[in-house]
Amino acid sequence: MIDKLEYLLALAREHNFGKAAEACGVTQPTFSAGIKQLEGILGVMLVQRTSRFLGFTPEGERVLDWARTIVADARAMRAEVQTLKKGLSGHLKIAAIPTVLPMVSALTTPYRAKHPNVKFTILSRTSIEILSMVENLEVDAGLSYIDNEPLGRLRAVPLYFEQYRLLTSEGSPLGERDRVTWAEVAKIPLCLLTPDMQNRRIIDGLLQAAGGQPEPTLESNSMIVLFSHVCTGPLGERDAGEARRHAGAHERLRAIHIVEPEVMHQIGLVVPPREPMTPLVAALVAETATSPS
């Protein structure tokens, strides 16, 4: 039953029978037979399909909710037993929005020092993707905004407040200022994250409220790309967010406080709303209590 519920979760992630079967390490006929067996056990049709996946039936959506809970509990049970036998070990997967990536090491480095047998995978994703990945058990936890868009049923652990800076060269028109307004920022060329990022939606709203129309010179979903282009100078500037921590790495750059209005948004750890948590996630939540804000 657990294996068949895993199939259902894979289908929810991939929306394709072939890809879901590959993700589960089985052939497509074996995968399809497993889904049909699950439907036979429960006595309802779970999946709408012709020659391809069309979605879940209402009953399938409800079973999918149960599958997330049951599979998560089964994984947590196995992980806890292994922890009792061997100590904390395993693979912790974390998805983070781009502006948080420079901060991830503040959690993973002390975590690794305490639990050297744990390995990490860190993925850069949008806030919407992070919520879906945590809910569908694709990652163990997420790092994202927790006060700006609905989190659904997920549990949030506050970490710090993101503030906004204009990262610009010393020789730029605003480079000698201690503060700038959003109205002033709206009038200069900007390098910004792509529109699918929640940070970009926040920045666009602030620029529009200040009378501007966001038309960035460059867009990217990578903070490193944005930072490297700001370092070259002529292409444009951008709001810095957490990238201000890197400004000291280049003497020509300044991170200037943006006001009118002065805005902050809370960043936090997002984890499944399950008790008990897996040992890996429980240790990560415990680490947030000692991490710098």
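1. Examining the environment of E14
By secondary structure assignment, the location of E14 is in helix α1 (residues 2-14). With a relative accessible area of 32%, E14 lands in the partly exposed category. Once the C-alpha coordinates of E14 and T121 are considered, the two residues, 107 residues apart in sequence, prove to be 20 Å apart. Those residues within four positions of E14 in sequence are excluded, and the remaining contacts are K19, A20 and A23.

2. Brief notes about the sheet that holds strand β13 (residues 264-271)
Ordered by their spatial adjacency, five strands build an open sheet running β4-β3-β5-β13-β6, and the pairing between neighbours is mixed. Looking along the sheet, the strands with just one partner apiece sit at the ends: β4 (118-124) and β6 (155-163). When the angles between neighbouring strand axes are averaged without regard to direction, this sheet yields 20°. By the bridge criterion, three bridges tie strand β3 (residues 90-96) to strand β5 (residues 141-145) in an arrangement that is parallel. Residue A95 lies in a different strand from β5, and its bridge partner there is G142.

3. As for the packing of aromatic side chains
Aromatic rings in a pair are described by how distant their centres are and how their planes are angled relative to each other. Across all of its chains, the model carries six aromatic pairs by this definition. Centroid distance F17 to F53: 6.2 Å. Interplanar angle 75°. Geometry classified as edge-to-face. Taken together, the residues F17 in helix α2 (residues 17-24) and F53 in strand β2 (residues 53-56) connect sequence positions 36 residues apart. When the ring of Y111 is compared with that of F120, the centres are 5.4 Å apart and the planes differ by 75°; the resulting orientation is edge-to-face. Accessibility expressed as a relative area gives 0% for Y111, which makes it buried.

4. Observations regarding the pattern of salt bridges
This structure, assessed with the given rule, holds ten salt bridges. Residue R68 pairs with D65 through a salt bridge whose shortest N-O separation is 3.1 Å. Highlighted residues: R68 and D65, both in helix α4 (residues 58-86), separated by three residues, approximately one helical turn. Taking relative accessible area as the criterion, D65 reaches 24% and is therefore assigned partly exposed. In this structure, R153 engages E135 in a salt bridge whose closest nitrogen and oxygen atoms are separated by 3.0 Å. Here the residue R153 occupies a position in the loop between β5 and β6, and E135 occupies one in helix α6 (residues 127-135), the gap between them amounting to 18 residues. On the basis of relative accessible area, R153 is assigned to the exposed category, the value being 53%. Judged by relative accessible area, E135 falls into the partly exposed class, the value being 25%.

Calculation rules
The residue numbers shown here count from 1 along each chain, following its written sequence. Note on the predicted model: pLDDT of at least 70 is required for a residue's local features to be given, and 80 or more for side-chain atom pairs to be given and counted; whole-chain, interface and lining totals, by contrast, use all residues. With hydrogens and water stripped out, all remaining heavy atoms of the structure feed into the side-chain values. By the criteria applied, helices consist of DSSP H or I runs no shorter than four residues and strands consist of E runs no shorter than two, each listed in order from the N terminus. Using a 1.4 Å probe on the protein chains alone, a residue whose accessible area is under 20% of its type maximum counts as buried, one over 50% counts as exposed, and one in between counts as partly exposed. What makes two residues a contact is simply this: any of their non-hydrogen atoms within 4.5 Å. Here, any two strands with at least 2 DSSP bridges between them count as paired. Here, axes are lines fitted to C-alpha atoms. For helices the fit covers the stretch in contact, and angles between N-to-C directions go from 0 to 180 degrees. For this analysis, a ring pair means two rings from Phe, Tyr or Trp (six-membered ring only for Trp) whose centres lie within 6.5 Å, classed as stacked if their planes differ by under 30 degrees, edge-to-face if by over 60, and tilted for the remaining angles. Any Lys or Arg side-chain nitrogen found within 4 Å of a carboxyl oxygen on Asp or Glu counts as a salt bridge.

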